[in-house]
Amino acid sequence: MPELLRGRGVVAGRASGPALVCTAPVSGWGGIDPATGTIVENGHPQHGRSVAGTVLVVPGAKGSSGWSGQFHLAKLLGTAPLAIVFGHMNSKLALGLAVLRVPAVTGLATAGAIRTGDGLEVDGTAGTVLIRREG
Amino acid sequence: MQLSPADERMLAGDHGPAVAAALDLLVRYGDLMGAERLVDTDNVCGANIFGPRHARVLGTTDPAALFSRFSLDLDATVDVPPFRAHSCQLIGPRDRDRWDLQGITPDDAAAMDDSERYLAEKGVDLLSTCTPYQVGNVPRYGEHCAWMESSAVVYINSVLGARTNTEGRESSAASMLTGRTPYCGYHLDAHRRATHLVDVRHPVRTTEDWNVLGYWVGRQVQDAVPVLTGPGLTGATGVPTPVQLKQFGAAAASSGDVEMFHLPGVTPEARTVPEALGGREPAAVSVYDAGARAATVASLCRTATDRDVDFVMIGCPHASLEQVREVARLLEGRRLADSTALWVFTPRALRTVAERSGYVAAIEKAGARVLSDTCPAIGQFLPPGTRVFATDSAKQAHYLPAIMGVQGWFGSVRTCVTAALDGRWPDA
């Protein structure tokens, strides 16, 4: 059964893709390899997973001020996420969203219901995330 | 967001498409941050020298095209007027004079010279360091700035009492063009109060200690503003030096997201712990003890297993003169192991003084090198064949293994220099 989660839309627009659930904030510069979208920060719980073509479900952004620059490069290389579902806003994420121009939603009370690999439909205008889970 | 009449004119294109795009970006970014308006800034630091990593993506080395696409987030190349705000170039991809050591081709070096010249024509100060505050860009107390570089942001907010959020390439470029930045976050008093108390029980004396404490604090508080107190900070130690504050902040901004801290008696915005907390109870308290220190050092060396060290990196953030002098003294009359390189990174202006003082000659005579304008993590380069490196910087130990896929050891500058002389990291 599809499950609809309601939050707050932050960047308008709609996108669909498989979820990548990160259990720790993600760094940009020194955090992802823009050539592949792979998370390269040592010790990150999702080290080795790629953000490319996913709906990135993440507590927030952290680390170097190169966050937007690195995700900007990823966008031009085709390895950026298609949408972002996040918990906590800061300047790195705000600028990253302004540059990525992908739909974004926050404030999901039940974001924990999302699992990596779930098919998600993000509606940044309505502020909703629809989970389509196989089986 | 409430825009001023001057903002409206910039947004409408009265000053051309580059300024209009810059203001549009600041409005979209500021709206996401919850800013109600923009504020004037006349001190902006950004990173807009483009090397092959960016040029390859666009298929051009034209500096105007690279600036429009990457700095202004535009699809087309536009004319860019001289920058409105006092602007400064941070650390970049190459040493202007010693790019040969980095394995850069003459063509790529020439393209980066063009990129740098483009900025100079717009009025950018080419300080070319992650530490502009060491070489003449010292914002005054309370000054609204728009700086990139997490280690510099935490330094000027905390140690100098200037006010900046952690900007990125696109927002700092937009501020250079418009002289405006979103009035939110660390520009506001309310955001600058401490919410997290750090009780330092284990002694913090040396620069190595301050690196380790910073790395641990970042993990504990994430993006909160910490206030530090406790018996580990008093007694024989006295107050931390500017170098120790530089290393502490850089480490805390790497493991976590610390953009400001209070150290009552040292940093200017709070004389006491209650004042730092704004009269409130801390939302969280963390205790730094011997166990926390040991676990943090182990975490900083988590990628290292081989003790044969190929490369020692000193100067992240860029070394002060006192740090360069310390390396020179440790190397004087000695010779690096054949298999090991040692590179010291310092701002170009300080390199000039270090040359004059004989430090560069002493370092080079030992077989080591002094570089400026860049670092291995930013420029993504290493001496050929490097598998294992060592550094005195928690920040570099955090980033370089992730960026370059090498093993990294962390220790004091003395331990690092000794490792370069012996070719080997000391046994535990």
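What you see is a predicted model; the values in this text were computed from it and never measured.

### Things to note about the overall build of chain B
Here is step 1: For chain B, the count of helices and strands is 17 helices and 14 strands.
Here is step 2: Taking 22 Å as the expected radius of gyration for a compact globule of 428 residues, we find that chain B reaches 22 Å, a close match to that expectation.
Here is step 3: Dimensions of chain B, computed from the C-alpha atoms along their principal axes, are close to 65 × 60 × 35 Å.
Here is step 4: Within chain B, the fraction of its 428 residues that count as buried is 61%.
Here is step 5: Taking as baseline every contact in chain B between residues at least 6 positions apart, the subset at least 24 positions apart corresponds to 75%.
Here is step 6: If you average the places of the 40 positive and of the 50 negative side-chain charges in chain B, the two averages end up 5 Å apart.

### Side note on the UniProt feature "domain: Phosphomevalonate dehydratase small subunit-like" (unreviewed entry) in chain A
Here is step 1: UniProt annotation of "domain: Phosphomevalonate dehydratase small subunit-like" (unreviewed entry) refers to residues 27-105 of chain A when read in the numbering used here.
Here is step 2: Between the first and last C-alpha atoms of residues 27-105 of chain A the distance is 19 Å; the span itself is 27% helix and 22% strand.

### Observations concerning the interface of chain A and chain B
It is common to give the size of an interface as the accessible area lost on bringing the parts into contact.
Here is step 1: Contacts between the two partners involve 35 residues from chain A, matched on the other side by 39 residues from chain B.
Here is step 2: When chain A packs against chain B, the two sides together hide about 2,900 Å² of surface, and 57% of this comes from carbon and sulfur.
Here is step 3: By the criterion of area lost to chain B, the three top residues of chain A are Trp 29, Asn 42 and Ser 65 of chain A, representing 22% of everything that side buries.
Here is step 4: Here chain A and chain B share four salt bridges between them.
Here is step 5: The interface formed by chain A and chain B holds 13 residue pairs in polar contact (both at pLDDT 80 or more) in total.
Here is step 6: Secondary-structure elements contributing two or more residues to the side of chain A that touches chain B are strand 2 (8-11), strand 8 (61-62), helix 1 (67-77) and helix 2 (91-100) of chain A.
Here is step 7: A total of eight residues in the side of chain A that touches chain B trace back to one element, the largest contributor, which is helix 1 of chain A.

### Quick word on helix 17 (residues 413-422) of chain B
Residue and element names in this part refer to chain B.
Here is step 1: Of the residues making up helix 17, those classed as buried are Val 413, Cys 416, Val 417, Ala 419, Ala 420 and Leu 421.
Here is step 2: Looking at the packing, one finds that the buried side of helix 17 touches strand 10 (311-314), helix 12 (321-331), strand 11 (341-345) and strand 13 (388-391).
Here is step 3: Within two residues after helix 17, Gly 423 carries a phi angle of roughly 75°, on the positive side.

### What to know about the pattern of salt bridges
Here is step 1: Counting across every chain of the model gives 30 salt bridges over all chains.
Here is step 2: Between Arg 14 of chain A and Asp 123 of chain A there is a salt bridge, and its shortest N-O distance comes to 3.4 Å. Taken as a pair, Arg 14 of chain A in strand 3 (residues 14-21) and Asp 123 of chain A in strand 11 (residues 119-123) lie far apart in primary sequence, 109 residues in all.
Here is step 3: We classify Arg 14 of chain A as exposed; its relative accessible area is 66%.
Here is step 4: Using a relative accessible area of 13% as the deciding quantity, one classes Asp 123 of chain A as buried.
Here is step 5: Of the charged contacts in the structure, one is a salt bridge between Asp 95 of chain B and Arg 348 of chain B, with a shortest N-O distance of 2.9 Å. Of this pair, Asp 95 of chain B sits in the loop between strand 3 (87-89) and helix 5 (106-122) while Arg 348 of chain B sits in helix 13 (residues 348-356), placing them 253 residues apart in sequence. Each member of the pair, Asp 95 of chain B together with Arg 348 of chain B, is buried.

Quick notes on the rules
- Residues numbered from 1 in each chain as written.
- Chains lettered and ligands numbered in written order.
- Predicted model: local features only at pLDDT ≥ 70, side-chain atom pairs only at ≥ 80, totals over all residues.
- Heavy atoms only, no water.
- Helix = DSSP H or I, 4+ residues; strand = E, 2+ residues; numbered from the N terminus.
- Rg over C-alpha atoms; globule rule 2.2 N^0.38 Å.
- Buried < 20%, exposed > 50% of the residue type's maximum accessible area, 1.4 Å probe, protein only.
- Contact = heavy atoms within 4.5 Å.
- Lys, Arg positive; Asp, Glu negative; His and termini not counted.
- Charge placed at Lys NZ, Arg CZ, Asp CG, Glu CD.
- UniProt positions renumbered as here; feature names shortened; annotations may be inferred.
- Buried area = accessible area lost by both parts, 1.4 Å probe.
- Salt bridge = Lys/Arg side-chain N within 4 Å of Asp/Glu carboxyl O.
- Polar contact = N/O pair within 3.5 Å; in protein donor to acceptor, adjacent residues only side chain to side chain.

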